[in-house]
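Breakdown of the fold
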Amino acid sequence: MKMHLINILPALALMVAPLCTAQQPTPAPAPEQTAAPDKSNPYNIADPGLRQVLQDSVRAMKSVTELLESVQDKATADAVADKLKVRMMLMDELSFGLQYIPYPVVTLAMSDAGITKERVESLQKRLEDNHFYYSTALAAAMGAPEYLAMEQTSLSPEQLEELKQKLTTVATQSPTVTGGPGFSRETAWQLPPDKTDFTALILQELDSNHPIGQSVIHGDDGQIFMKYTVVLTIDSKQCPIEQWFNVTLPEQTEDDASPQEEEFDDEPEEETPVETPEDGPTEEDDEVENFDDMEITVEPGGKVEEEAPEFTPEQKAAALKTFVGAFKEMIDILQQVTDTATAQAAVPQVKAVRERMSNTTLNDIMHTISGMEIIEAMEQSGITPTDISKIEQRLEDADYYLCDELRRALNE
């Protein structure tokens, strides 16, 4: 189970910035309501798949908010990090379907669940002001740079002067480079077109080949700056500094044209037929015009399928119990694998568990169960992302204990 994290507070950010309306399809006119309001569909979302997306999103976001509000110190911050990872991953999966729900509907649903903009902003400010309570695990789970969760310091005047001299000495290797020491836009390094490798030289001197921040800034006068943020370790504390580079682009000449561009220019342009009113609508036009009449069901994973069959609560509960039980059994089996002999012995057990988990009926039912229900059931059984990651890493590092049968049983 690979964790994919996005930017800091991605789920909660929906309360601060609206969704991209350009990606939202034009909703069909709502039918006249003659029957009593459907209490299970208070926001009048016709598509059942999108109703499920909204319900799951609200439930996941509410859980994320409550988890983060429980953080009061490093211990509680570390304790929620694993749970937060899984919910962030779920929110990432739901984000596709969420784009097709009007933003006012999303904010109303969140507000009804007690998730308001003020509550979110207050929570985010508290966490940032307290440096995530110095929990690098919490910062990582939220997609924030780990250094933000470490004790920070700044350079003293003496240390700043020492660093300046150090960088200036490095710059003497490139006589055509001027400016410096690069701590601000005003002191940016001035790079000629043939010295783009100077940036790597400075970052290497700072022992920061992987800067934590990088951006391109365009000046009003046409200048282009590259800004890197690097973190230095000073007395076991983190000290972020900036390095600015003013990049001079080479002037383009006729010799700069690529062979592909010359070949393209030599090809005759194809004339595009212009449709006149007499031509009438084409078959493709008719398909586009009738697009809104098509019935589409969007599922959280982004698939477009027919509406899923209905299953009873008892069937869902039984399927969830079977799935979680099989998952936990798989983890227990793999935890016993420590050498080639135990790896080979585990192969038939792994195959049997995977066969149970690949049951068609079980998978059909699991697709109709809320993501948060699955997450909470896994947590109640004691399954954590850390346990899964450790097992995966151990098996990969040991090359599956030289047992190709186990590798195939887990990956095919």
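How each quantity is defined
Residues numbered from 1 in each chain as written. Predicted model: local features only at pLDDT ≥ 70, side-chain atom pairs only at ≥ 80, totals over all residues. Heavy atoms only, no water. Helix = DSSP H or I, 4+ residues; strand = E, 2+ residues; numbered from the N terminus. Buried < 20%, exposed > 50% of the residue type's maximum accessible area, 1.4 Å probe, protein only. Polar contact = N/O pair within 3.5 Å; in protein donor to acceptor, adjacent residues only side chain to side chain. Pairing = 2+ DSSP bridges. Contact = heavy atoms within 4.5 Å. Axes fitted to C-alpha atoms, helices over the stretch in contact; angles between N-to-C directions.

**What about the environment of Asp197?**
Relative to the assigned elements, Asp197 resides in the loop between β2 (189-191) and α7 (198-205). Exposure remark for Asp197: the relative accessible area of 52% places this residue in the exposed category. In sequence terms Asp197 and Ser174 are 23 residues apart; their C-alpha atoms lie 10.0 Å from each other.

**Here we look at the side chain of Arg87**
Relative to the elements of secondary structure, Arg87 occurs in helix α2 (residues 74-98). One polar contact links the side chain of Arg87 to the main-chain carbonyl oxygen of Lys83, over a distance of 2.9 Å.

**Notes on the sheet that holds β2**
The sheet built from five strands is open, its strands ordered β1-β2-β5-β4-β3 with mixed pairing. Because the sheet does not close on itself, it has two edges, and the strands there are β1 (178-179) and β3 (213-218). In terms of strand pairing, β1 meets β2 through two bridges, oriented antiparallel. Residue pairing for β2: Thr178 is matched across the bridge by Gln190. Helix α6 (residues 157-171) contacts β2, β4 (224-234) and β5 (237-247) of the sheet and is inclined by roughly 15 degrees relative to β2.

**Describing unusual backbone geometry**
That bond from Gly180 to Pro181 is cis: its omega, 10 degrees, falls within 30 degrees of zero. Note on placement: Pro181 falls in the loop between β1 and β2. Positive phi outside glycine occurs at Tyr133, with the angle close to 55 degrees. On the secondary structure map, Tyr133 appears in the loop between α4 (117-129) and α5 (136-141).

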